[in-house]
Amino acid sequence: MKTQLSKPDRGKTSYTEEYKQEALQLWRASGRSAAKVATELGIRPPLLYRWARLAREPDMPKAGHRPRRSVEELEAEIRRLRAENAKLLEQREVLKKSLGILSEVPPSGMPGSKP
């Protein structure tokens, strides 16, 4: 069962929403892999996956665009990161001190040490 949808003919191809929906419907209804359906339609499989993802998440912001956060949220994050940074610096200092203690040569009077 080969079903051909008419693909737009242009240099940089742009697809209508109707075409995208028909392609997704064909893919889902056929039970075949995205690669097979995409080959029939003359498009690449990742394009079908992208259209399906966008259809599932229509309210998600576009890639690379983050929702704007308030000044209070940003200041709270700065405070949290500064506290985390201070804790990590303290842990690093403790580890440096413990390494120094553990790498010392034991005094000669300790059991297991050779005179």
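If you're wondering where the values come from, they're calculated on a predicted model, not measured in any experiment.

## A few points about a positive patch on the surface
Together, Arg-28, Arg-44, Arg-50, Arg-53 and Arg-56 give the surface a local cluster of positive charge. Among the elements that make up the positive patch, the one with the highest residue count is helix α3 (residues 45-56) (three residues). Among the structural elements, Arg-50 can be located in helix α3. Take Arg-50: its relative accessible area is 37%, and that puts it in the partly exposed class.

## Focus: the pattern of salt bridges
Summed over all chains, the structure comprises six salt bridges. One salt bridge in this structure joins Glu-84 and Arg-80, with 3.4 Å as the shortest N-O distance. Highlighted residues: Glu-84 and Arg-80, both in helix α4 (residues 71-102), separated by four residues, approximately one helical turn. Under the relative-accessibility criterion, Glu-84 is labelled partly exposed at 38%. The partner of Glu-93 in a salt bridge is Arg-92, and the shortest N-O contact between them spans 3.6 Å. Overall, Glu-93 belongs to the partly exposed group, its relative accessible area being 34%. For Arg-92, a relative accessible area of 45% puts it in the partly exposed group. A single network of salt bridges, built from pairs that share partners, joins Arg-92, Glu-93 and Lys-96.

Conventions and cut-offs
- Residues numbered from 1 in each chain as written.
- Predicted model: local features only at pLDDT ≥ 70, side-chain atom pairs only at ≥ 80, totals over all residues.
- Heavy atoms only, no water.
- Patch = residues over 30% accessible without salt bridge, like charges linked within 9 Å, V, L, I, M, F, W, Y side chains within 5 Å.
- Areas by Shrake-Rupley, 256 points an atom, 1.4 Å probe, with all protein chains shown as cover.
- Salt bridge = Lys/Arg side-chain N within 4 Å of Asp/Glu carboxyl O.
- Lys, Arg positive; Asp, Glu negative; His and termini not counted.
- Charge placed at Lys NZ, Arg CZ, Asp CG, Glu CD.
- Helix = DSSP H or I, 4+ residues; strand = E, 2+ residues; numbered from the N terminus.
- Buried < 20%, exposed > 50% of the residue type's maximum accessible area, 1.4 Å probe, protein only.

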